[in-house]
Amino acid sequence: MRKLLNLFGMALIAVLVLFPTKSNAAGNVCQTLKESKTYQYNLDQKGKKESIKVNVSKKEHKNGYAITYDLKTTVSVNGKKIYTKTLKGRYSDNNQVKVMVVDTDRKDKQMELLIMEGEINDGTNSAFWSADIEHIYYYQYSNGKAKRKQDLSPLFRKNFANAFMLHGMKNSSYLTTNGKNELYAKLCVPVQNFDYVHIKRKLKLKNGKFVNVSTKSYSLMDTEDMPFRPKKNITVYTKPGGTKKAFTVKKKESIYLCGLYTANGKKFYLKIKNKGEKSGYIDPKKVPSYVDGSNHV
């Protein structure tokens with residue numbers, strides 16, 4: 001019998017190792033909630049799980065050939081309404097409000113409820129998957145109440161006065177997190193002579209409040225199949241704003257964007273590479289170019 005129990009124990013350990021069970025503590029919770037469905041999440045990591053539900057109703061208005069919609073969204077936690085908004089006169093029947101439950105920091109024993117407003121589309125191309133998220137209201141649930149603490153959209157746009165749009169990160173999630181106190185969105189920034197570029201913006205959650213994380217260098221997203229061709233021979237430099245030559249790019253030779261450097265969100269330098277994988281920096285204002293693609297069509 002003892003031998004049999006030992007064998008059973010070993011088999012059980014093997015199953016747990018090879019097929020670990022999923023849990024909120026082990027993975028990153030970052031879920032977009034569907035309409036009319038009740039979700040169970042322990043938002044404050046205390047007692048019972050909270051019931052969260054999103055209800056959306058649509059009222060159509062016809063004026064000749066023009067059709068607009070009033071979209072009313074209600075978010076409830078444990079049956080109590082914490083958010084109600086009617087967006088009137090919309091020309092698109094896409095949902096204009098989305099709700100997410102995110103565990104930005106798995107160690108703080110608290111989940112975040114995020115309610116987003118804007119021209120939010122459900123497309124399939126991650127480059128322009130979400131047209132523009134105007135507001136991201138952050139709610140914290142504590143002591144039986146959900147309190148609105150911040151609007152995260154201005155934080156994501158901070159230091160980028162000319163930011164064009166705030167996009168979703170990918171098809172499966174509007175915002176993403178690493179579960180280690182960082183929350184991400186995609187910011188669309190216009191760059192002279194080079195169309196628009198997408199950068200991954202990061203917020204950090206500290207003591208229950210999100211703060212902007214400023215940096216000078218950003219890796220670019222969605223640039224793999226979007227080469228540019230300068231209209232003249234250009235010099236590429238080893239540093240942003242530097243004078244030391246890295247290499248020369250000939251007129252109409254394909255170049256690829258891979259990074260953005262900015263000290264204040266106004267003056268930009270682009271990190272580029274050529275087909276030979278040589279890389280360096282240019283001042284985009286001084287490089288008129290042909291574009292062979294676009295992030296916005």
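Worth saying up front: this structure is predicted, and the values here are computed from it rather than measured.

Undergrad: I would appreciate a short explanation of the overall build of the protein chain in the present structure.
TA: Along its length, the protein chain carries 2 helices and 22 strands. Classification of the 297 residues of the protein chain by burial places 43% in the buried group. Counted over contacts in the protein chain with a minimum sequence separation of 6, partners at least 24 positions apart contribute 49%. For the protein chain, the exposed surface amounts to about 16,700 Å²; the carbon and sulfur share of it is 50%.

Undergrad: Explanation requested: the pattern of salt bridges in the structure shown.
TA: A side chain of one charge can pair with a side chain of the opposite charge when the charged atoms of the two come close. Scanning the model with the defined rule gives 7 salt bridges in all. Here Glu182 ties to Lys202 by a salt bridge, and the two come within 3.6 Å at their closest N and O atoms. Residue Glu182 is found in strand β12 (residues 182-190), and its partner Lys202 is found in strand β13 (residues 196-206); the two are separated by 20 residues along the sequence. Judged by relative accessible area, Lys202 falls into the partly exposed class, the value being 27%. In this structure, Glu277 engages Lys273 in a salt bridge whose closest nitrogen and oxygen atoms are separated by 3.7 Å. Residue classification places Lys273 among the partly exposed residues on the basis of a relative accessible area of 28%.

Undergrad: What exactly am I supposed to notice about the sheet that holds strand β5 (residues 80-90) here?
TA: The strands that make up a sheet are held in pairs by hydrogen bonds between backbone atoms, and each pair lies either parallel or antiparallel. As summarised here, the arrangement of the 4 strands in space is β2-β3-β4-β5, forming an open sheet in which the pairing is antiparallel. Pairing within the sheet leaves two strands with one partner each, and these edge strands are β2 (38-41) and β5. Adjacent strand axes in the sheet meet at a mean angle of 20 degrees when their direction is disregarded. Bridge count for strand β3 (residues 50-63) against strand β4 (residues 66-77) is 12 bridges, and the pairing is antiparallel. Within β4, the position partnered with Glu60 by the bridge is Tyr69.

Undergrad: What should I look at first to understand the confidence of the model for the protein chain in this one?
TA: Residues shown with low pLDDT carry predicted positions that ought not to be read at fine detail. Of all residues in the protein chain, 83% attain a pLDDT of 70 or more, and the chain-wide mean is 85. Contacts of residues 1-5 to residues separated by more than four positions or lying in other chains number 0 contacts, the stretch itself having pLDDT below 50. Low pLDDT (under 50) marks residues 7-26, which in the prediction has 7 contacts with non-local residues, meaning those over four places away or in another chain.

What counts as what
Counting starts from 1 at the beginning of each chain's written sequence and moves along it residue by residue. Per-residue local features of the predicted model are confined to residues with pLDDT of at least 70, and side-chain atom pairs are confined, for both listing and counting, to 80 or more; whole-chain, interface and lining totals are unaffected and use all residues. With hydrogens and water set aside, each side-chain value is computed from the structure's full complement of heavy atoms. The helix and strand labels rest on DSSP assignments: H or I over at least four residues marks a helix, E over at least two residues marks a strand, and numbering proceeds from the N terminus. Between buried and exposed lies partly exposed: a residue is buried under 20% and exposed over 50% of the maximum accessible area for its type, with that area taken using a 1.4 Å probe on protein chains only. Residue contacts follow a heavy-atom distance rule, with two residues in contact if any of their heavy atoms lie within 4.5 Å. The protein chains shown are the only cover counted for residues, whose accessible areas, like all others here, come from Shrake-Rupley with a 1.4 Å probe. Note on definitions: salt bridges are taken to be side-chain nitrogens of Lys or Arg within 4 Å of carboxyl oxygens of Asp or Glu. Here, any two strands with at least 2 DSSP bridges between them count as paired. As a rule, the C-alpha atoms of each element are fitted with a line to give its axis, helices using only the stretch in contact, and angles between N-to-C directions run from 0 to 180 degrees. Known as pLDDT, the predictor's confidence for each residue is given on a scale from 0 to 100.

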